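Chain by chain, the residues:
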Amino acid sequence: MCELSAFEKRYVEVSSDCEKYLSEYKSYISSNLNGTVISKGPLYNLRPYEIERVGFKKGRQLNKLPSAIKNTHVYYFDKLDRIILVEIYGQSENIVNREFCVYGDNCLERVCFTSAGTLRNISISFFEGSVVKKDVNWGLYGCSISNYIYNGSVLEKITVQQKEHDDHSFSELDVIFKYKNNELETITNVFPNGYQEQRFP
């Protein structure tokens, strides 16, 4: 789990000086911004089916910020049409969680700050070409490693190892994807004891 050790160090590094990192990220956004999209609910998957995996359907695009601001998402795009920032509104316009997206060689780092400016979690997705193969996540309460398994170009399964920081060992589960007529039909979490939890639809 050496990847997780590196992530813990990265988390501690950023969380020890959130103000500095927020300033650097915001400066990067300002100089690279090429457009925004507003939506009610999440609209774009940065990982395969990450919206559907938590039981949501994709949101709808809006022309402006709504008066009922809760769960409004604002996506910021760079000149390569990549998402570089996601702002997620809470109960009011003053409550905004921010997730910054930093692109590297065959990887995408996502750094999420709360509306109070504290670090919530850091995750990184590793790609082969345009395909996500692995995620590593370190957050305030726990960590995880996810491996993506494909049949050709079709995602069939994600194997997940996760634990809270106080736990001594990892728990495991498989996320199973089923399709009908080439469209996603169901997503089900399957646990080692046989218990299954349908997450989508």
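Here we summarise the structure given alongside this text. Computed from a predicted structure; not experimentally measured.

**Some points on the environment of serine 125**
Right, on to step 1. With respect to the helices and strands, the residue serine 125 is situated in strand S7 (residues 119–128).
Right, on to step 2. Counting along the chain gives 78 residues from serine 125 to arginine 47, while the straight-line C-alpha distance between them is 7.9 Å.
Right, on to step 3. Excluding residues that lie within four positions of it along the chain, serine 125 makes contacts with Arg47, Asn106, Cys107, Leu108, Val132, Lys134 and Asp135.
Right, on to step 4. A distance of 3.1 Å separates the side chain of serine 125 from the side chain of arginine 47, its partner in a polar contact.

**Here we look at the state of the cysteines**
Right, on to step 1. Under the definition given, this model contains 0 disulfides.
Right, on to step 2. Take cysteine 101: it sits in no disulfide, and the sulfur closest to it among the cysteines is that of cysteine 112, at 9.8 Å.
Right, on to step 3. Looking at the unpaired cysteine 107, the closest cysteine sulfur is the one in cysteine 101, lying at 12 Å.
Right, on to step 4. We classify cysteine 107 as buried; its relative accessible area is 18%.

**Some details on the environment of lysine 157**
Right, on to step 1. Tracing the backbone through its elements, the reader meets lysine 157 in strand S10 (residues 154–164).
Right, on to step 2. When the C-alpha atoms of lysine 157 and proline 66 are compared, they prove to be 37 Å apart, with 91 residues separating the residues in sequence.
Right, on to step 3. Apart from the residues lying within four places of it in its own chain, the contact partners of lysine 157 are Asn147, Tyr148, Ile149, Asp174, Val175, Ile176 and Phe177.

**Remarks on unusual backbone geometry**
Right, on to step 1. Here the residue pair phenylalanine 200 and proline 201 is connected by a cis peptide bond, since its omega of 0° sits within 30 degrees of zero.
Right, on to step 2. Within the fold, proline 201 resides in the segment after strand S13 (196–200).
Right, on to step 3. At asparagine 71, a residue that is not glycine, the phi angle is positive and equals roughly 65°.
Right, on to step 4. Looking at the secondary structure, you find asparagine 71 in the loop between strand S2 (60–62) and strand S3 (72–77).
Right, on to step 5. Relative accessible area serves as the criterion here: at 37%, asparagine 71 is assigned to the partly exposed category.
Right, on to step 6. Positive phi outside glycine occurs at aspartate 81, with the angle close to 65°.
Right, on to step 7. Within the secondary structure, aspartate 81 is located in the loop between S3 and strand S4 (83–89).
Right, on to step 8. The class for aspartate 81 is exposed, based on a relative accessible area of 59%.

**Re the pattern of salt bridges**
Side-chain pairing between opposite charges can occur once the charged atoms of the two side chains come close.
Right, on to step 1. One pass over the structure, following the stated rule, counts 9 salt bridges.
Right, on to step 2. Notably, a salt bridge pairs arginine 47 with aspartate 135, separated by 3.2 Å at the nearest N-O pair. With arginine 47 in the loop between strand S1 (35–40) and helix H3 (50–53) and aspartate 135 in strand S8 (residues 131–139), this residue pair connects regions lying 88 residues apart in the sequence. There is no split in this pair, since arginine 47 and aspartate 135 are both buried.
Right, on to step 3. Between aspartate 78 and arginine 82 there is a salt bridge, with its nearest N and O atoms 2.9 Å apart.
Right, on to step 4. Given a relative accessible area of 4%, aspartate 78 falls into the buried group.

Reading the values: the criteria
Residues numbered from 1 in each chain as written. Predicted model: local features only at pLDDT ≥ 70, side-chain atom pairs only at ≥ 80, totals over all residues. Heavy atoms only, no water. Helix = DSSP H or I, 4+ residues; strand = E, 2+ residues; numbered from the N terminus. Contact = heavy atoms within 4.5 Å. Polar contact = N/O pair within 3.5 Å; in protein donor to acceptor, adjacent residues only side chain to side chain. Disulfide = S-S within 2.5 Å. Buried < 20%, exposed > 50% of the residue type's maximum accessible area, 1.4 Å probe, protein only. Salt bridge = Lys/Arg side-chain N within 4 Å of Asp/Glu carboxyl O.

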